Amino acid sequence: MMNQIKIGAFISERRKAKGWTQSQLAEKLEITDKAISKWETGRSMPDLSLFLPLCTLLDVTLNELFAGECIAEEKWKERADEVLMDVITNWLGHDNREKVHSRESKENDTPPENVLEVENVSKRYENVSTGHETKNNSVLAVNDVSFQIPHGSFVGIMGASGSGKTTLLNLVATIDKPTNGTIRISGQNIVDIPDEAAAEFRRRHLGFVFQEYNLLETLTIYENIALALTIKEVSKESIRPTIQSLSEKLDISAILDKFPYEVSGGQRQRCACARAIVVNPDIILADEPTGALDSHAARQLLDTLAMLCREYGATILMVTHDVMAASYCDRILFMKDGEIKTSLNREQESKQTFFADILKKIEWIEGESHDVLEVVNP
Amino acid sequence: MYLKLSIRNARRSFINYLLYVVTMTVLLAIIEVSNCITIIGESAGFQVFSLPLLIAAIQIVLVGYIDLFLLKQRAKEFASYLLLGMEKKRLTRLFLCEVLLIGFCCYIAGTTIGFSIYGFWYFREPLHEMKHCGFLYGKSMFYTFLFFCLIETVCTFRMKQRLNKLQIRELMYERNRNQGVKNIGNYKKWGAIFLLCFVCFIGCICGIVFLPEVYIVYPVSVTAIPLLISVFAFYKWVFGCLYAYRRMKSVKIYQKNRLYITANITSNFKTAAMVHAVFCICFLFSGASFVTGMLILQPEFQLFDTAMRQWMGTSQISICIVFLVIYFSILSLQQMIEIRQNSKSNQIMRCMGKSDKQMARLVNQQIAMKLSAPMLMALLIILFCVPLLNAKMNFILPASLNNILLKLTGEFGACIAVFYSCYFGIVSAMSRRYIYPSD
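Asks: For this particular structure, what's the right way to read the overall build of chain A?
Replies: Each helix and strand in chain A was counted, giving 15 helices and 11 strands. Sorting the 378 residues of chain A into buried and exposed places 41% on the buried side. Long-range contacts, defined here as pairs at least 24 residues apart, represent 69% of the contacts in chain A between residues at least 6 apart.

Structural data, given as structure tokens:
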């Protein structure tokens, strides 16, 4: 099979031989520098349309690129056949690959790299008089939470209001700092980074989708998406093609020139998704993204998120209390009183079965609390 | 119930009303002062009635702008009243009464402040008798009331028209509505008008400088017309140009903070052009008053006797200060309200990766631009006119006053720099609470 890491190292080597930085190569290909970084570290492969321009720029043949090395003339025929075979195997594998297959292959091969690692994280707010656990005027909003999210997965956090799910999301988003524990995103510990570096980190690694859309009202939909790219300092020439291709995928091309107040809630939320994914973040953090939508718009949005996960390899962490929304996830963490009580993995079952499983889990969690209440108040 | 709701909502939008109250009170106080000057001037044989008239014209534009701003802020609330079953006529009446009532309170406050300032300055001279005080107060108040009625009538009429036009759905989105045009190429027309009028204006100035004495009266009498049109056309052109630049998705806009700043500037570009033109005129009048006042106060300037010279010179400098205060205070207040309203945008920008320092820098850039944008056209006019007029004055005035206009323009520049730094510092410091949420 094609070795992505080897190909990435080869791209990096050829780029350096040309004396270009990642940004310069990105500018020539009219893509983001983050994409180059992802290729070079073996986290993703170039899009089909970019193979030939990339080969031309790096002065290599397509065979050499797929082989991840320069091929000597005497080995040309033999290596070309090997590369072709690799590509065919990969192509057929890809064609038949549905989510289930992908998961199976992931299980059989080496486990995918974790994008997010949360270890023993707690958050205590001092001098707060309301909350679920109040001692000495302090609230333990998140209590000793640990979990990991592998690359390309769609993970949901469920829980009732006040269970600590949004607080946990804020901790991951570097908006708030935990009292204890460590949070690693793409291997970097984000707990102790200063504010300036946290902003830089958000710019480079995180994407956000909020419940209230949070699009800037003075900007058109196109400009809202472009703003994320300008903040990330992506080359200005690549902005238009990037937005156009993404908007076609998300079915928002027709409304790009409209202002947020001129489009429906569902379209607004898809634009918010476009803004989050356009910067190619390591993880997208979604805080109740379907909260303000009707069921049809909510389903459309969830399909979009699932598509981003499937086709763009996006990693998504979504906070929700909606069972229907949660049924789109690969894995669900159930929170209560600031703790993760249990989790549920989606294996090969259908969405309906998974939906029923989630309901059972919720019932179980609620039953557990009733039991506790019964013990306390017999 | 409606009244209770209305009072509660008016209380909630107190900060927005502050812009209205401050603008109304300050400008009415200034009209009161200028009416006092007019009345005293009339008795001394001077005709200065154009001064309150000019301030009233400025006030009509500014109050009209603030009325629309208030309507935008409360549009959703009005839509709710209509949904609850209130008739549109009643709603319009309620809102207009509310604005008129606040306006009348501002009139009382403005005239009292204005007369106190003038009275303190005028009656401290032993020559001026206190027995005229009542007469002066009554007459000036009456004149100010006439101006107040004129301002309120024009603004109320415009507001009524706007309210009648808006349907419930439009009211729901009025706050977020951005101004736009169908033909984005319109700015070229304004560019051509600006160029034409500016050339005419420079022609008039050249006429004043180079024509023989007997013909000077002609260019002097018409100079104001191309000047005012070119100021208005310039801002229409600049804002239209920025809007078109943005809508054409020019590549250059997608770097640094340009997109965000341009979007903020052009979201209400039609109104902004008008308001900037008015502030630019304020600035120009302020400059003209400063130069005239300082010139009159020069000991070599022997046109009037010493007492009259001092009275006139000080009056002119007071007018200069008044215009500068109008310019900087209202722009600063407007900017502070805008920053407060943009606090949600600041949060979004933080999530997208802007640090607090970067946000502070961005807000400071916006403040600096908003405070200086109306000066742009004024600087262009000064750049062209001052050297020409200075040459003429060198020719007329004694040698000891050589290059006096250049010197006075420099002094005015220094005065502006002081005002600018003070107001910039205040607005920047007050905007911190909307940038740093923990503060």
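Additional details are given in the paragraphs that follow.
Asks: Is there a simple way to think about the overall build of chain B in this case?
Replies: A tally of regular secondary structure across chain B gives 16 helices and 0 strands. In terms of overall dimensions, chain B is globule-like: its C-alpha atoms have a radius of gyration of 24 Å, near the 22 Å expected for 439 residues. Seen through its C-alpha atoms, chain B measures out along the principal axes to roughly 70 × 60 × 45 Å. Partitioning the contacts of chain B with sequence separation of at least 6, the portion at a separation of at least 24 is 81%.

Asks: Is there a simple way to explain helix H11 (residues 269–297) of chain B in this structure?
Replies: An α-helix turns once per 3.6 residues; consequently, residues spaced three or four apart project the same way. Its 29 residues give H11 of chain B an end-to-end C-alpha distance of 41 Å, which sits within 8% of 42 Å, the value for a rise of 1.5 Å per residue. Burial within H11 of chain B is extensive, with 21 of its 29 residues counted as buried.

Asks: Whenever I open this one, the interface of chain B and chain A confuses me. Can you help?
Replies: With 22 residues of chain B at the interface, the matching set in chain A holds 26 residues. If you list the elements that add at least two residues to the side of chain B that touches chain A, you get helix H10 (258–266), helix H13 (343–351) and helix H14 (356–372) of chain B. With 4 residues, the top contributor of residues to the side of chain B that touches chain A is H10 of chain B. By residue class, the composition of the side of chain B that touches chain A is 9 nonpolar, 9 polar and 4 charged.

Asks: Help me understand the sheet that holds strand E9 (residues 316–320) of chain A in this model?
Replies: Whenever strands of a sheet pair, they do so through backbone hydrogen bonds, lying parallel or antiparallel. Residue and element names in this part refer to chain A. Sheet architecture is open: 6 strands sit in the order E7-E8-E9-E4-E10-E11, paired in mixed fashion. Looking at strand neighbours, the two that pair on one side only are strand E7 (206–209) and strand E11 (339–345), the edges of this open sheet. Sheet twist, expressed as the mean angle between neighbouring strand axes with direction ignored, is 20 degrees. Strands in contact with helix H12 (residues 265–277) are E7 and strand E8 (283–287); relative to E7, the strand with the most contacts, it is inclined by about 175 degrees.

Asks: Sorry, what's going on with the nonpolar core here?
Replies: One broad trend across soluble globular proteins is that nonpolar side chains are buried collectively. Cys273, Leu285, Ile316 and Leu317 of chain A together with Cys282 of chain B are the most contacted members of the largest nonpolar core, which totals 184 residues. The element best represented in this core is H11 of chain B, accounting for 15 residues. Ignoring anything within four residues of it in the chain, the contact list for Cys273 of chain A reads Val209, Leu250, Leu301, Thr304, Leu305 and Leu308 of chain A. Ile11, Ile36, Trp39 and Val83 of chain A belong to the second-largest nonpolar core, a separate cluster that totals 13 residues.

Asks: Is there a simple way to think about the environment of Gly162 of chain A in this case?
Replies: Residue and element names in this part refer to chain A. Mapped onto the elements of the fold, Gly162 is located in the loop between strand E4 (154–158) and helix H8 (165–172). Residue Gly162 is classed as partly exposed on the basis of its C-beta count, with 16 C-beta atoms lying within 10 Å. Spatially, the C-alpha atoms of Gly162 and Leu333 are 15 Å apart, while their sequence positions differ by 171 residues.

Asks: Would you mind showing me how to read the environment of Gln167 of chain B here?
Replies: Residues and elements named next belong to chain B. Relative to the elements of secondary structure, Gln167 occurs in the loop between helix H5 (133–165) and helix H6 (168–173). Overall, Gln167 belongs to the exposed group, with 11 C-beta atoms counted inside 10 Å. The sequence separation of Gln167 and Ala79 amounts to 88 residues, and the corresponding C-alpha distance is 8.1 Å.

Asks: Before we go on, may I ask you to explain the domain arrangement of chain A in this structure?
Replies: Residues and elements named next belong to chain A. For chain A, the assigned domains read domain 1 (4–96) and domain 2 (114–376). Domain 1 puts 8 residues into the contact, and the matching count from domain 2 is 7 residues. Of all the secondary-structure elements, those providing two or more residues to the side of domain 1 that touches domain 2 are helix H2 (22–29) and helix H3 (33–40). Across the side of domain 1 that touches domain 2, the residue classes break down as 3 nonpolar, 2 polar and 3 charged.

Asks: Sorry, what's going on with the pairing of E11 of chain A here?
Replies: Moving residue by residue along a regular strand, the side chains alternate between the two faces of the sheet. Residue and element names in this part refer to chain A. Here 6 bridges tie strand E10 (residues 331–336) to E11, and the two strands are oriented antiparallel to one another. Residue pairing for E11: Met335 is matched across the bridge by Ile340. The turn linking E10 back onto E11 is made up of 2 residues, and Asp337 within it adopts a positive phi angle of 50 degrees.

Asks: Explain the confidence of the model for chain B to me, please; I cannot follow it from the model alone.
Replies: Regions with low pLDDT carry predicted coordinates that are not meant to be interpreted in detail. For chain B, the average pLDDT comes to 85, and 93% of its residues sit at 70 or higher. Among the prediction metrics, the complex's ipTM stands at 0.78, with pTM recorded as 0.74.

Asks: What should I look at first to understand the packing of H2 of chain A against H3 of chain A in this one?
Replies: All names here are of chain A. Packing of H2 against H3 leaves a shortest axis separation of 8 Å and a crossing angle of 115 degrees. It follows that H2 is roughly perpendicular to H3 by the angle criterion. As for how H2 packs across H3, the hand of that crossing is right-handed. Contacts between H2 and H3 pair Gln22, Ser23, Leu25 and Ala26 from the former with Asp33, Ala35, Ile36 and Ser37 from the latter. In terms of residue class, the contact of H2 with H3 is built from 4 nonpolar, 3 polar and 1 charged.

Asks: It is not clear to me how the pairing of E9 of chain A should be interpreted in this structure. Could you clarify?
Replies: Residue and element names in this part refer to chain A. Among the 5 residues in E9, 5 count as buried, and that is most of the element. Side chains Ile316, Met318 and Thr320 of E9 all project onto a buried face; the interleaved residues Leu317 and Val319 project onto the opposite face, where all are buried too. As paired elements, E4 and E9 share 5 bridges and run parallel to each other. If you follow Ile157 over to E9, its bridge partner there is Val319. Across 4 bridges, the pairing between E8 and E9 is parallel.

Asks: I would appreciate a short explanation of unusual backbone geometry in the present structure.
Replies: Residues apart from glycine generally show negative phi values, whereas peptide bonds are mostly found in trans. All names here are of chain A. Even without being glycine, Thr174 reaches a positive phi, approximately 65 degrees. Positive phi is not limited to glycine here, since Asp251 has a value of about 60 degrees. Take Asp251: it is sitting in the loop between helix H11 (236–249) and H12.

Asks: Please clarify how the confidence of the model for chain A should be interpreted in this entry.
Replies: Residue and element names in this part refer to chain A. Residue-level pLDDT values for chain A average 80, and 86% of them are 70 or greater. A low-confidence stretch, residues 93–108 stays under pLDDT 50, and its non-local contacts, those more than four residues away or across chains, total 6 contacts. Taken together, the stretch residues 372–378 has pLDDT below 50 and engages in 0 contacts with residues farther than four places along the chain or on a different chain.

Asks: Any chance you could explain the packing of helix H2 (residues 14–43) of chain B against helix H4 (residues 88–122) of chain B here in plain terms?
Replies: Any two packed helices are characterised by the angle at which their axes cross and by the distance between the axes. Residue and element names in this part refer to chain B. Closest axis-to-axis distance for the H2/H4 pair is 7 Å, and the angle between their directions is 45 degrees. In this view, H2 runs oblique relative to H4, as classed from their interaxial angle. In this structure, the crossing between H2 and H4 has a hand that is right-handed. On the side of H2, the interface is formed by Tyr17, Tyr20, Val21, Met24, Thr25, Leu28, Ala29, Ile30, Glu32, Val33 and Cys36, while H4 contributes Ile102, Gly103, Cys106, Tyr107, Ala109, Gly110, Thr111, Ile113, Gly114, Phe115, Ile117 and Tyr118. Taken together, the residues of the contact of H2 with H4 sort by class into 17 nonpolar, 5 polar and 1 charged.

Asks: Would you take a moment to explain helix H16 (residues 404–435) of chain B for this structure?
Replies: For H16 of chain B, built from 32 residues, the straight-helix expectation of 46 Å at 1.5 Å per residue is met to within 8% by its first-to-last C-alpha distance of 45 Å. Residues of H16 of chain B that are buried: Ile404, Leu405, Leu408, Thr409, Phe412, Ile416, Tyr423, Val427, Ser431, Tyr434 and Ile435 of chain B.

Rules used throughout
- Residues numbered from 1 in each chain as written.
- Chains lettered and ligands numbered in written order.
- Predicted model: local features only at pLDDT ≥ 70, side-chain atom pairs only at ≥ 80, totals over all residues.
- Helix = DSSP H or I, 4+ residues; strand = E, 2+ residues; numbered from the N terminus.
- Buried ≥ 20, exposed ≤ 12 C-beta atoms within 10 Å, placed from the backbone.
- Contact = placed C-beta atoms within 7 Å.
- Rg over C-alpha atoms; globule rule 2.2 N^0.38 Å.
- Expected span 1.5 Å × (residues − 1).
- Nonpolar A, V, L, I, M, F, W, Y, C, P; charged D, E, K, R; others polar.
- Pairing = 2+ DSSP bridges.
- Axes fitted to C-alpha atoms, helices over the stretch in contact; angles between N-to-C directions.
- Core = buried A, V, L, I, M, F, W, Y, C linked by C-beta atoms within 7 Å.
- Domains from an automatic or database assignment.
- pLDDT = per-residue confidence, 0-100.
- Parallel < 35°, antiparallel > 145°, perpendicular 65-115°, else oblique.
- Left-handed = near helix turned anticlockwise from the far one by under 90°.

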